[in-house]
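# Structural description and commentary
Each chain, written out:
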Amino acid sequence: MPDLAPLWLSLALAGVTTVVLLILGTPLAWWLAHTSSRIRPVIEAVTALPLVLPPTVLGFYFLIILGPGTTIGNFWVQVTGDALTFSFSGLVVASVVYSLPFMVQPLQSAFESMGRAPLEAAATLRASPLDAFFSVAVPLSRHGFVTAAVLTFAHTIGEFGVVLMVGGNIPGKTRVISIAIYEHVETLNYAAAHWLSAVLLVFAFTVLFLVYALKRRLAIRVG
Amino acid sequence: MTKLTSRLCCLLCVLSQNVNAEEALIAVATNFFNSAKQIESSFERSTQHQVTLVSGSTGKLYAQIRHGAPFDAFLAADQERPRLLEGSPFGVGNSRFTFAIGQLALASARPEHIKADAQESLRQRPNGPFAVANPALAPYGAASREALQSLQQWSALEGDIVLGESVGQTFAMVATGNVQFGIVALSQAMNPVHSNAVSYVRISTLLHESIRQDAVLLSHGKDNLAAREFLKFLRAEVTQALLLDSGYGVE
């Protein structure tokens, strides 16, 4: 059996990224779904941009933007004492940007398809906007939340080019499973590559299967 | 009493050794990673130091070093990147040296395709794709093209050539039988794990510019004893013998 540390690291990265994106992506998707602002298409386009650049190129720009010599990188060093690049935190920042469209787009369409009527009904019952959001909008868009979270999680697990560049393949710190597999292939260690890939596929299938199975049960019970 | 004294001595010994023991993070070009791992284990057996190896392509590792990667030393696949680092704030001046010289092999998954020498094998080659590492990206690729040009086979092959992103990818194309022929690193072809999958014949080093692989101490590891000792160990006789056995040339 190969060393499984990269698998746990990938899971941690995908978990943290999904949580961060749920917190950041939800208000953004909400705003995009309800605003009539003229800059909305601009923000929508920016949100989709991480899909355009090849991941290694995107990773290269993260190196430039987050490096210790830059404003962001320097700020991070001042606050935490550690460099942002070649660290787990750096991987999280890069993954949040890289997976942003996978969180925002399903949420936005869920919010849009819900429409304004349920919220207006809640408002007539004197629900505050925040209350209406959590007790009306969130339950009504739960499928959107599940889809967005699953896509974000899976996309981050499979992430490769960006983390290879920003993370630097450091064992125990930034060597996630996709990089470990790539390294086994590139160093001709095919047997270890097969093992890790099999572990990853079985694990990913199990998680996705459980999520989709639960989603269906959720729908039957509530709907 | 004497027993106690000797135990104390032992303890002191261990403690003092641990005080001197350091850890280094060493960036290694992927093509050298397997050899580097062997060197690492014999290095760690003979010293108190610990090194962690990080593999990547020479170009990516170079970009990472220039953007603050915490590597203490760099074992590249070429001379250019260590030279650039040596002349920059990221490398330590006068620390660069050639630790290995790469060699090429013509390889195939089918033993009957490999004749007595490379020239003969190329002349009798079957039609079909021919794998070479991308000359623009991989030093082994540039040397492969030179060798084929010296053998006056490059133009005949040109339409059949498929490019691997690295010499590792090129080897995979050959070892999986997806291409009949390819030019790979001799060290890959000689790797005992793949002796059943691949047959090969050496390509003379006279046919191409030598693939000199340089190492350089990085500013991050300037005062790191483990990194300095590891670089010294690369030049030790025992290491050079190991490299010769694994398909590299040495100075």
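Cut-off values and rules
- Residues numbered from 1 in each chain as written.
- Chains lettered and ligands numbered in written order.
- Predicted model: local features only at pLDDT ≥ 70, side-chain atom pairs only at ≥ 80, totals over all residues.
- Helix = DSSP H or I, 4+ residues; strand = E, 2+ residues; numbered from the N terminus.
- Buried ≥ 20, exposed ≤ 12 C-beta atoms within 10 Å, placed from the backbone.
- Contact = placed C-beta atoms within 7 Å.
- Domains from an automatic or database assignment.
- Nonpolar A, V, L, I, M, F, W, Y, C, P; charged D, E, K, R; others polar.
- Pairing = 2+ DSSP bridges.
- Axes fitted to C-alpha atoms, helices over the stretch in contact; angles between N-to-C directions.
- Core = buried A, V, L, I, M, F, W, Y, C linked by C-beta atoms within 7 Å.
- pLDDT = per-residue confidence, 0-100.
- Expected span 1.5 Å × (residues − 1).
- Right-handed = clockwise from strand over helix to strand, strands pointing away.

## What to know about the overall build of chain B
- The number of helices and strands found in chain B is eleven helices and ten strands.
- Summarising its shape, the C-alpha atoms of chain B cover approximately 80 × 40 × 30 Å along the three principal directions.
- Sorting the 251 residues of chain B into buried and exposed places 46% on the buried side.
- For chain B, long-range pairs separated by at least 24 residues make up 77% of all intrachain contacts whose partners lie at least 6 apart in sequence.

## Notes on the overall build of chain A
- Helices and strands together make up the secondary structure of chain A, namely eleven helices and zero strands.
- For chain A, the α and β elements follow one another from N to C terminus as α-α-α-α-α-α-α-α-α-α-α.
- Taking the principal axes of its C-alpha atoms as reference, chain A extends roughly 65 × 45 × 30 Å.
- For chain A, buried positions account for 37% of its 223 residues.

## Regarding the domain arrangement of chain B
All names here are of chain B.
- By domain assignment, chain B separates into domain 1 (8-101 + 212-245) and domain 2 (103-207).
- Every contact between the two is made by eight residues of domain 1 and, on the other side, nine residues of domain 2.
- Looking at the side of domain 1 that touches domain 2, its residues break down into one nonpolar, six polar and one charged.

## So, the interface of chain A and chain B
- Taken together, the 19 residues of chain A in the interface contact 23 residues of chain B.
- For the side of chain A that touches chain B, the secondary-structure elements that each account for two or more residues are α3 (55-66), α9 (161-167) and α10 (177-186) of chain A.
- Its residues placed into classes, the side of chain A that touches chain B shows twelve nonpolar, five polar and two charged.

## A word on the sheet that holds strand β3 (residues 73-75) of chain B
All names here are of chain B.
- A sheet is described by the order of its strands in space; here five strands give the open sequence β2-β1-β3-β10-β4, paired in mixed fashion. Every interior strand has two partners, whereas the edge strands, β2 (50-56) and β4 (97-102), have only one. Sheet twist, expressed as the average angle between the axes of neighbouring strands with direction ignored, equals 20°.
- In the sheet, β3 pairs with strand β10 (residues 211-217) via three bridges, with the strands oriented antiparallel. Among the inter-strand pairings, L75 is bridged to a residue of β10, identified as A215.

## With respect to the nonpolar core
- Grouped together as the largest cluster of nonpolar side chains are 120 residues, with contacts concentrated most on I26, A73, F74 and L75 of chain B.
- A per-element tally of this core places helix α5 (residues 88-114) of chain A first, with twelve residues.
- In terms of domain composition, this core takes at least three residues from each of domain 1 (8-101 + 212-245) and domain 2 (103-207) of chain B.
- The residues touching F74 of chain B, leaving out its near neighbours within four places in the chain, are A27, L61, I65, P82, L85, A215, V216 and L218 of chain B.

## Here we look at the sheet that holds strand β6 (residues 130-133) of chain B
All names here are of chain B.
- Pairing is mixed in the open sheet, where five strands are placed in the order β7-β6-β8-β5-β9. Here the strands that pair on one side only, and so sit at the sheet edges, are β7 (161-164) and β9 (199-203). With direction set aside, neighbouring strand axes in the sheet form an average angle of 30°.
- Bridge analysis of strand β5 (residues 104-108) against β9 gives five bridges, and the strand direction is antiparallel. Bridged to A107 within β9 is Y200.
- Each of β5, β6, β8 (181-185) and β9 touches helix α6 (residues 139-150); the most contacted strand, β6, lies at about 130° to it.

## Quick notes on the confidence of the model for chain B
Residues and elements named next belong to chain B.
- When the pLDDT values of chain B are averaged, the result is 90; 92% of them are 70 or greater.
- When pLDDT is averaged over each element of chain B, β3 comes out on top at 98 and helix α1 (residues 2-20) at the bottom at 55.
- If you check the scores for this complex, the pTM reads 0.82 and the ipTM reads 0.75.

## Notes on the pairing of β5 of chain B
Residues and elements named next belong to chain B.
- The buried count for β5 comes to five of five residues, which makes it a mostly enclosed element.
- Of the strand pairs in this sheet, β5 and β8 are connected by four bridges, and their pairing is antiparallel. Across the sheet, the residue bridging to L106 is I183, located in β8.

## Quick word on α5 of chain A
Residue and element names in this part refer to chain A.
- For α5, spanning 27 residues, the distance from its first C-alpha to its last is 37 Å, which sits close to the expected 39 Å at 1.5 Å a residue.
- Across the 27 residues of α5, 19 count as buried, placing the element largely inside the fold.
- Looking at the residues trailing α5, positive phi occurs at G115, about 75°.

## Looking at the environment of N191 of chain B
- Its place among the elements puts N191 of chain B in the loop between α9 (186-189) and β9.
- Considered as a pair, N191 of chain B and A21 of chain B are 170 residues apart in the sequence and their alpha carbons are 32 Å apart.
- Non-local contacts of N191 of chain B, meaning those with residues more than four positions away in its chain, are made with L188 of chain A together with N34 of chain B.

## Description of the pairing of β2 of chain B
Residue and element names in this part refer to chain B.
- As judged from the seven bridges shared by strand β1 (residues 23-29) and β2, these two strands associate in the parallel manner. Bridge pairing in β2 places A24 opposite V51.
- Viewed along the sheet, the connection from β1 through helix α2 (residues 33-46) into β2 turns out right-handed.

## Observations concerning the environment of Q180 of chain B
Residues and elements named next belong to chain B.
- Within the secondary structure, Q180 is located in the loop between α8 (167-175) and β8.
- When the 18 C-beta atoms within 10 Å are taken as the criterion, Q180 is described as partly exposed.
- With twelve residues separating them along the chain, Q180 and G168 place their C-alpha atoms 16 Å apart.
- Here Q180 is in contact with S108, R110, H113, R125, P126 and G128, once residues within four sequence places are set aside.

## A short note on unusual backbone geometry
- Of note in the backbone geometry, L188 of chain A takes a positive phi value of approximately 65° without being a glycine.
- Secondary-structure assignment places L188 of chain A in the loop between α10 and α11 (190-222).
- Even without being a glycine, Q152 of chain B presents a positive backbone phi close to 55°.
- Among the structural elements, Q152 of chain B can be located in the loop between α6 and α7 (154-157).

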